[in-house]
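Working through the structure, step by step
Below, each chain spelled out in residue letters.
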Amino acid sequence: MRHIISILLENESGALCRVANLFSARGYNIESLTVAPTEDGSLSRMTLVTTGSDKVIEQITKQLNKLIDVVKLVDLSEGVHIEREMMLIKVRTLDEGREEVQRLSDIFRGRIVDVSDRSYTIELTGAGDKLDAFIAALDEGDIIEVVRSGVSGIARGESGLKI
């Protein structure tokens, strides 16, 4: 089962490395990882996506809580949450296909952020399924490059991950 683990950790060099080493040493896979400072400059928020049984996820969270850099964590998958991912995709566009790519971008609420004679670069934000569907809607040969940010997630409602 897929889990999104949100972690508050000390904003120090080596903190990300220690989390990655924990996963590597135990043979767990990280599907997606995003890290950025929070409103408190001494803390960073890491959003990590991994898969595993409930027992494996329990082991992961216990091991993460033992790390000195980890202040607090929550498995967002256990409750209602919002998750988003950002993608930049460069698409080959020739005269006859430009309008079709623009129309498709509009349907998926994307934004064309760069235009050249032979390509569009489109920015899309949404759930991973939406981004996958956009890629599937394009002709495979027209895709030049894809860059995805990884998942960012937050619990819905009043609750928040704070110390």
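Bear in mind that the values here come from a model prediction, so they are computed numbers and not experimental data.

**So, the packing of helix 1 (residues 15-26) against helix 2 (residues 54-66)**
Interhelical geometry of helix 1 versus helix 2 gives an angle of 140° and a closest axis separation of 10 Å. Taken together, the axis directions place helix 1 and helix 2 in an arrangement best described as oblique. Along this stretch, helix 1 crosses helix 2, giving a crossing that reads as right-handed. Of the residues in helix 2, those in contact with V19, L22, F23 and R26 of helix 1 are I60, Q63 and L64. Looking at the contact of helix 1 with helix 2, its residues break down into five nonpolar, one polar and one charged.

**Describing the nonpolar core**
When a protein is soluble and globular, its nonpolar side chains tend to lie buried together. With 15 residues, the main nonpolar core has I7, V19, F23 and L64 as its most contacted residues. Ranked by residue count, the leading element in this core is helix 1, at four residues. In this structure, V19 is in contact with M46, L48, L64 and L67, ignoring residues within four places of it in sequence. Listed in part, the 12 residues of the second largest apolar core include M87, V101, L104 and Y120.

**Description of the packing of aromatic side chains**
Throughout the structure, instances matching the rule amount to two aromatic pairs. Ring geometry for F23 against Y28: centres 6.1 Å apart, planes inclined by 75°, an arrangement best described as edge-to-face. With 5.2 Å between their ring centres and 80° between their planes, F108 and F134 make a pair best called edge-to-face. Of this pair, F108 sits in the loop between helix 3 (98-107) and strand 6 (111-115) while F134 sits in helix 4 (residues 128-137), and the two are 26 residues apart along the sequence. Here F134 falls in the buried class, since its relative accessible area comes to 0%.

**Some remarks on the sheet that holds strand 4 (residues 70-75)**
Paired through their backbone hydrogen bonds, the strands of a sheet run either parallel or antiparallel. Taken in spatial order, the four strands make up an open sheet running 2-3-1-4, and their pairing is antiparallel. Each edge of the open sheet is held by one strand with a lone partner, namely strand 2 (32-37) and strand 4. Strand-to-strand twist in this sheet, taken as the mean axis angle between neighbours without regard to direction, amounts to 15°. Sheet analysis places strand 2 next to strand 3 (residues 43-51), joined by six bridges and oriented antiparallel. By the bridge assignment, A36 is partnered in strand 3 with R45. Contacts from helix 1 reach strand 1 (2-10), strand 2 and strand 3, with the element oriented near 20° to strand 3.

**Re the environment of P37**
With respect to the helices and strands, the residue P37 is situated in strand 2. Judged by relative accessible area, P37 falls into the exposed class, the value being 59%. In the structure, P37 is positioned 58 residues away from D95 in sequence and 43 Å away in space, judged by C-alpha atoms. When sequence neighbours within four positions are dropped, the list of residues in contact with P37 reads N11, L43 and S44.

**Section: the environment of K162**
With respect to the element layout, K162 can be found in the segment after strand 9 (152-155). For K162 and F134, which are 28 residues apart along the polypeptide, the C-alpha to C-alpha distance reads 35 Å. The residues touching K162, leaving out its near neighbours within four places in the chain, are L8, E39 and K72.

Criteria and cut-off values
Residues numbered from 1 in each chain as written. Predicted model: local features only at pLDDT ≥ 70, side-chain atom pairs only at ≥ 80, totals over all residues. Heavy atoms only, no water. Axes fitted to C-alpha atoms, helices over the stretch in contact; angles between N-to-C directions. Helix = DSSP H or I, 4+ residues; strand = E, 2+ residues; numbered from the N terminus. Parallel < 35°, antiparallel > 145°, perpendicular 65-115°, else oblique. Left-handed = near helix turned anticlockwise from the far one by under 90°. Contact = heavy atoms within 4.5 Å. Nonpolar A, V, L, I, M, F, W, Y, C, P; charged D, E, K, R; others polar. Core = buried A, V, L, I, M, F, W, Y, C linked by side-chain atoms within 4.5 Å. Buried < 20%, exposed > 50% of the residue type's maximum accessible area, 1.4 Å probe, protein only. Phe/Tyr/Trp six-rings, centres within 6.5 Å; stacked < 30°, edge-to-face > 60°. Pairing = 2+ DSSP bridges.

Without other data, these values stay purely geometric and don't point to any function.
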